[in-house]
Each structure stands twice: as C-alpha cells, then as structure tokens.
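# Analysis of the macromolecular model
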Amino acid sequence: MPSTLIHPAPAPSMETVTALSSVSVIVPTYREAENLPTLIERLEKVRHAGELDLELLIMDDDSDDGSVEAVERAKQSWATIHVRTTNRGLSPAVIDGMRAATGDILIVMDADLSHPPEKIPEMIASLRAGAPFVLGSRYVPGGSTDAAWGVFRWLNSKAATLLARPLTNAKDPMSGFFAMRREDFNRADGLNPIGYKIALELIVKCRFDHVAETPIHFADRELGQSKLSLKEQLKYIQHLRRLYIFKFGTWSHLVQFLAVGASGVLVNLSVLMLLTRLLTTPKPLAVAAAITLSMASNFMLNRRFTFSYARDQSIVKQFFGFCTACSIGAGVNFITTMLVHSAAPDLPLEVAAIAGIAAGMGFNFLASRFVVFRSQSTAAHKQPSDTPQ
Ligand code: GDD
Ligand code: MN
C-alpha cells in the first residue's frame, strides 16, 4: 500500500490495525532526572499529533536523583517509572521493560534525547508496512551525528559496526533506538542481555534477515553523563563471539579452531627459535618441546574459547583426548599425503602434503568438536551462545 510510508498514521489493512495499534516506549535510565521532563513533553506531542495509544515505561536502576519525582510532577498517566533494584544494567532493564510492556509495538530509546521522539511515527509506519524490525539509524542517507563527535568516537563506532557485519547488513546495528512487534519479542528465546548492544542481540536471536532503517539525527546529550565505558566496549567483543556462535554454529567453532591452529604455528616456531638459537638445545629435543608446547597452548585456547561450552568437564580427560586426536590426525595426514602422491605422482609432493594437512586438520576438528569437547547437555546444543563464559 503506497500510502503507508507517507502518512504518520496510515490506513493499513484491517489485519494490521488490530495487530499493531498500541505502542509501548521503553526507556532505560540511570541518573537522567534532568532529561525526563523534556522527554515526556516531546513524547506527549508525538502521542497527541499521531493520536497514538502510547505508554511510556521508564526502567530506572534506582538512580535516587529525583527521577521518580520528575515523572510524578509531569502528571501524565501514560508515563510510568519502574525502579529496579536487582539485576541492574542497561540491557536487563530494557528486557524487563519489554516484558512488562502491553503494546503491540515495542520501541526502545535513550532518555538523553539523543534519539528524537519525533521519528517514532515514521518507525511505526515502517513496521505497519511490513518491516519486522526498524532501527533509528545514523548511517543511512538523511541520518547524522552531532558535529561534536570526535574522530575517535566516530572511528570506534564504525569499527564496532564493521565487526557486526557478518551478523546483519543493517547500517547502524549499534543504535539503541529501535521498534519491533511484541509477538516477535515473545518468541525470541535465549536472550542474553550482556553489554549495550541490545538491538544487535534481538536482530540475531529473532533471526531478522531484513532490517529497516529510519534516518535520525543523533544529538549529543546536553544534560547528565554518558555511561558508556571501556569495560562496556570489551564486553562487546564477548557479546559478538556469542552471537557468531549462535548464528553460525559449528562454522564459528571451525573458524576459532583454525585461528587457534594458526597461533599454534607461531608458538611452535618461537619455541624452536628460542631453544636452538639462544639456548643451543639439541635439535630433537627442541622439536619435541616445540610440538608439546604448541599442542598444550592449542589445547588451552580451544578449551577456553573454541569449545568453551565443554569447560565444566574434566580437563585431564580432555587433554589426553586432544593429544590422542592430534596423533591420529597426524596419521590421517601421513596416509592422505602418501595416497594422493601415489595416485598423482606427477604433482609436486607439496600439493599432496597440503591435501594431507587439510585431511588431518579436518579430522582433528571433528574429533575435538564432537568427541573430546562434546557438549553433554541438550541445552548446550541448543544454545551454545548462552553457556556461562
Ligand atoms: N536502567 C539502566 N541501567 N539504564 C542505563 C544504564 C544502566 O546501567 N546505563 C545506561 N543507561 C541508560 C542511560 O540513562 C540512557 O538513557 C541510555 O541507557 C543510554 O546511555 P548513554 O550513557 O546515554 O549511552 P551513550 O550515549 O554512550 O550510547 C548511546 O549510543 C550508542 C551508540 O553509539 C546509546 O544509544 C546506546 O544504546 C548506543 O548503543
Ligand atoms: Mn547517550
């Protein structure tokens, strides 16, 4: 329907009217008392102009800075503040708010007015036109950030977005301003609210292939302080790892396994150089030590990262299992190399060796993934991303 995107309150089919008529705006807050009066005022205008059935849920982590009083003073029955005292944090607050919300449409935004409430009708229209998930985006035509954004903050934001690229093709998945249907939220299982990037978590866990983006101007906060710390940014890397595992399953284990294998080559060569050049250790001993140490470091890294879901099982058993798998893998490598070489004697031996290495590594990976580091509970199979790190 062409009119859907033009008018803020479109006339969609009967079906979508009943499905998407009420709106809940969820705002996580910590020490935002100064911003709440303006936020409520601007939302009231949007509510009024669009004749929206809109409720506001402010999810406050016990700021004790006059936030509760500020909401009371505003005297708007559709705006409520919920003081949380347990499980604090931005993402848990957002998830709690989304669970408590009653609207068919859920919208999440910041309290500091970086996200313009005036864009809400456009985002609703986009949902009604069929988009499953709508981001308020800085990085689509028409979107922008304040000039005051330093090069560092811009670069930081761009790098974070790039790392999320294999998970979604949205231009601004780092945005904390988004809209979705409550029924989609209800079927998202295994949500793991770590870190700041709750929109990315929802896009991946709800498996939204198509994400719509409404351009916004991201204004710098004028009052209060930002809470985005270096610690939050480190948590982001951990969050990304879990989402990759969720989305790509065994493929993401393979990528990690190969990365660990590459690090093992470096360990092997460094030990060899150290022992033979600096310490003049006899060569057979140096080679044996290099192999042993690289195998041990591969084992530790694989246990810590690649197959972290199996970390609660016996380390001794796993270590011997891993060494056995590597030894059999070496045998597979040898046999494959010799077979390929005798089948195609005209090819250089190196080509046969590469085939042997691939077969040996393939064997190592499968044996590690499904035997040595097998997951024992079905829960771990279902949601490898949600095992405790
Ligand atoms: N309940 C609760 N608990 N709310 C919190 C917490 C917390 O621990 N920490 C922050 N908030 C609230 C803030 O009060 C604000 O409303 C919102 O979360 C965003 O926090 P800011 O401190 O303003 O974050 P920012 O400006 O650095 O980050 C913004 O930009 C990012 C992209 O650059 C946010 O929009 C992020 O969502 C976004 O990812
Ligand atoms: Mn902010």
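What you see is a predicted model, and the numbers here were worked out from it, not measured in a lab. (Residues numbered from 1 in each chain as written. Chains lettered and ligands numbered in written order. Predicted model: local features only at pLDDT ≥ 70, side-chain atom pairs only at ≥ 80, totals over all residues. Heavy atoms only, no water.)

Working definition: an aromatic ring pair is given by the centre-to-centre distance plus the angle between the planes. Overall, the coordinates contain 13 aromatic pairs when judged by the stated rule. Seen from their ring centres, Y244 and F248 are 5.9 Å apart, and the 40° between their planes marks the pair as tilted. Here F248 and Y244 lie together in helix α9 (residues 230–248), a separation of 4 residues that amounts to about one turn. Take Y244: its relative accessible area is 23%, and that puts it in the partly exposed class. Since its relative accessible area comes to 29%, F248 is described here as partly exposed. (Phe/Tyr/Trp six-rings, centres within 6.5 Å; stacked < 30°, edge-to-face > 60°. Helix = DSSP H or I, 4+ residues; strand = E, 2+ residues; numbered from the N terminus. Buried < 20%, exposed > 50% of the residue type's maximum accessible area, 1.4 Å probe, protein only.)

Our next topic: the domain arrangement of the chain. Structurally, the chain comprises domain 1 (4–248) and domain 2 (250–386). Summarising the inter-unit geometry, the C-alpha centres of domain 1 and domain 2 are found 44 Å apart. (Domains from an automatic or database assignment.)

Turning our eyes to something else, we now look at the packing of helix α10 (residues 250–278) against helix α13 (residues 349–372). Where α10 contacts α13, the two axes come as close as 11 Å, and the packing angle between them is 120°. Classified by the angle between their axes, α10 and α13 sit oblique to one another. α10 and α13 meet at a crossing whose hand is right-handed. Counted together, T250, H253, L254, F257 and L258 of α10 and M361, N364, F365, S368, R369 and F370 of α13 form the full contact between these two elements. (Axes fitted to C-alpha atoms, helices over the stretch in contact; angles between N-to-C directions. Parallel < 35°, antiparallel > 145°, perpendicular 65-115°, else oblique. Left-handed = near helix turned anticlockwise from the far one by under 90°. Contact = heavy atoms within 4.5 Å.)

Judged by how many residues are buried, strand β5 (residues 133–137) sits mostly within the fold: 5 of 5 residues are covered. Residues of β5 alternate between two faces, with F133, L135 and S137 on one and V134 and G136 on the opposite face, all of them buried. As paired strands, β5 and strand β7 (residues 178–181) are joined by 3 bridges and run antiparallel to one another. Across the sheet, the residue bridging to F133 is M180, located in β7. Relative to strand β8 (residues 212–215), β5 is paired through 4 bridges, and the arrangement is parallel. Residue pairing in the sheet places G136 in a bridge with T214 of β8. (Pairing = 2+ DSSP bridges.)

Once that is clear, we can look at the side chain of D104. The residue D104 is located in the loop between α4 (90–100) and β4 (105–108) in this model. There is no salt bridge for the buried D104, and the closest opposite charge comes from R182, which lies 4.7 Å off by N-O distance. In terms of polar contacts, D104 uses its side chain to reach the backbone amide nitrogen of S21, at 3.0 Å. (Lys, Arg positive; Asp, Glu negative; His and termini not counted. Salt bridge = Lys/Arg side-chain N within 4 Å of Asp/Glu carboxyl O. Polar contact = N/O pair within 3.5 Å; in protein donor to acceptor, adjacent residues only side chain to side chain.)

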